[in-house]
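# Results of the structural survey
Take a look at the letters that make up each chain.
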Amino acid sequence: MIDASPTDGRIMSGLLTRAGYEPVVAESIKAGKVEAVKLPPGAVIVTAIRLPDGTARELINWLKTENYGFPVIAIVENLNNADVLSIMRNCGAVDVIQRPAIDKQLVETVSQYVKPENKTFSIGKHLIPRQSKSE
């Protein structure tokens, strides 16, 4: 994660690696945009709501402007349900994972949005491409 501690990034990478994915790092929204143009259909982007060089909303708006239809899942701090809904409505994220629950929710939430034919993820600064087993 761009704004997460190195420990959080290692935890998320480890969770997704154990689920069969291989992390690729992008250090900022700018670098994430460079990587996003390489993503195949079926990609999912998971990113922190606030990033060092912008916000998830700015990234989502850019994705829409460039006609990338990737669902974006936001990682947020511990919020109540009203705050989570507000982030989804105002930011454009398809789902939210609260940082304290990453270990319980990350893989399950991502798997709801990834397309089985070609799986790719982004976790803030981590992009995780994976070819499906059927290829």
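Computed from a predicted structure; not experimentally measured.

Let us look at unusual backbone geometry. Of all residues except glycine, most have a negative phi; of all peptide bonds, most are trans. Within the chain, Asn67 stands out as a residue other than glycine whose phi angle is a positive 65°. For Asn67, the location among the structural elements is in the loop between helix 3 (56-65) and strand 5 (72-76). Residue classification places Asn67 among the exposed positions, given a relative accessible area of 69%.

The next subject is helix 4 (residues 81-91). Buried residues of helix 4: Val84, Ile87 and Cys91, and no others. For helix 4, the arc enclosing every buried residue in end-on projection is 60°, short of the 170-degree limit, so these residues lie on one face. More than 90 degrees from the buried face of helix 4, the exposed residues found are Asn81, Ala82 and Arg89. For helix 4, the elements touching its buried residues are helix 3, strand 5 and strand 6 (95-98). Gly92, located one to two residues past helix 4, shows a positive phi value of around 95°.

With that settled, consider the nonpolar core. Core analysis: the largest hydrophobic core is formed by 22 residues, its most contacted members being Ile45, Ile49 and Leu63. Contributions of two or more residues to this core are made by helix 2 (29-36), strand 2 (43-48), helix 3, strand 5 and helix 4. Considering every element that reaches this core, the biggest residue donor is helix 3, with 5 residues. Within the second largest apolar cluster, 13 residues are counted, among which are Met12, Tyr21, Val44 and Ile75.

Cut-offs applied
- Residues numbered from 1 in each chain as written.
- Predicted model: local features only at pLDDT ≥ 70, side-chain atom pairs only at ≥ 80, totals over all residues.
- Heavy atoms only, no water.
- Helix = DSSP H or I, 4+ residues; strand = E, 2+ residues; numbered from the N terminus.
- Buried < 20%, exposed > 50% of the residue type's maximum accessible area, 1.4 Å probe, protein only.
- Arc of directions from axis to C-beta.
- Contact = heavy atoms within 4.5 Å.
- Core = buried A, V, L, I, M, F, W, Y, C linked by side-chain atoms within 4.5 Å.

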